[in-house]
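# Descriptive structure summary
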Amino acid sequence: MSDFWPAVYALIPSVGVGILFYFAMRAIIRADRNERLAMAELDAQAERAEVAARPAGDSSTTSA
């Protein structure tokens, strides 16, 4: 039983670093997800503006 607490104390730094790593990676992944959503919204807004700017008689979707 005397070997239990030193082993626990030896694991505390590793557990702490693991927790910090988890929160850092979670923040990075959330930031990436939010950036991708913002870029998709911006692209959709630009597409809507492009469609609205087309002349009424031009119904082609591709340019040759």
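All values derive from a computational prediction rather than experimental measurement.

### Here's the deal with a nonpolar patch on the surface
Taken together, the side chains of Leu11, Val15, Ile19, Tyr22 and Phe23 define a hydrophobic patch exposed on the protein surface, amounting to about 510 Å² of accessible area. When you line up the elements, Phe23 lands in helix α1 (residues 4–53).

### Side note on the pattern of salt bridges
Taken as a whole and assessed by the stated rule, the structure comprises two salt bridges. The partner of Arg36 in a salt bridge is Asp32, with the nearest N and O atoms 2.9 Å apart. Remark: Asp32 and Arg36 occur in helix α1; sequence separation between them is four residues, near one turn of the helix. Between Glu50 and Arg54 there is a salt bridge, and its shortest N-O distance comes to 3.9 Å. Residue classification places Arg54 among the partly exposed residues on the basis of a relative accessible area of 27%.

### Some remarks on α1
With 50 residues, α1 ought to run about 74 Å at 1.5 Å a step, and its terminal C-alpha atoms sit 73 Å apart, in line with that. The largest bend along α1 measures about 30 degrees and falls at Ile12, with the proline Pro13 one to four residues further on.

### Overview of the packing of aromatic side chains
Considering all chains together, one arrives at three aromatic pairs under this definition. Their ring planes at 75 degrees and their centres at 5.0 Å tell us that Phe4 and Trp5 sit as a pair that is edge-to-face. Judged by relative accessible area, Trp5 falls into the partly exposed class, the value being 48%. Look at Tyr22 and Phe23: their rings are 5.3 Å apart centre to centre, the planes differ by 70 degrees, and that puts the pair in the edge-to-face class. Overall, Tyr22 belongs to the partly exposed group, its relative accessible area being 48%. An aromatic cluster is defined as three or more aromatic residues linked by ring pairs; in this entry it consists of Phe4, Trp5 and Tyr9.

Rules and cut-offs
- Residues numbered from 1 in each chain as written.
- Predicted model: local features only at pLDDT ≥ 70, side-chain atom pairs only at ≥ 80, totals over all residues.
- Heavy atoms only, no water.
- Patch = residues over 30% accessible without salt bridge, like charges linked within 9 Å, V, L, I, M, F, W, Y side chains within 5 Å.
- Areas by Shrake-Rupley, 256 points an atom, 1.4 Å probe, with all protein chains shown as cover.
- Salt bridge = Lys/Arg side-chain N within 4 Å of Asp/Glu carboxyl O.
- Helix = DSSP H or I, 4+ residues; strand = E, 2+ residues; numbered from the N terminus.
- Buried < 20%, exposed > 50% of the residue type's maximum accessible area, 1.4 Å probe, protein only.
- Expected span 1.5 Å × (residues − 1).
- Bend = angle between axes of the 7 residues up to and from the residue.
- Phe/Tyr/Trp six-rings, centres within 6.5 Å; stacked < 30°, edge-to-face > 60°.

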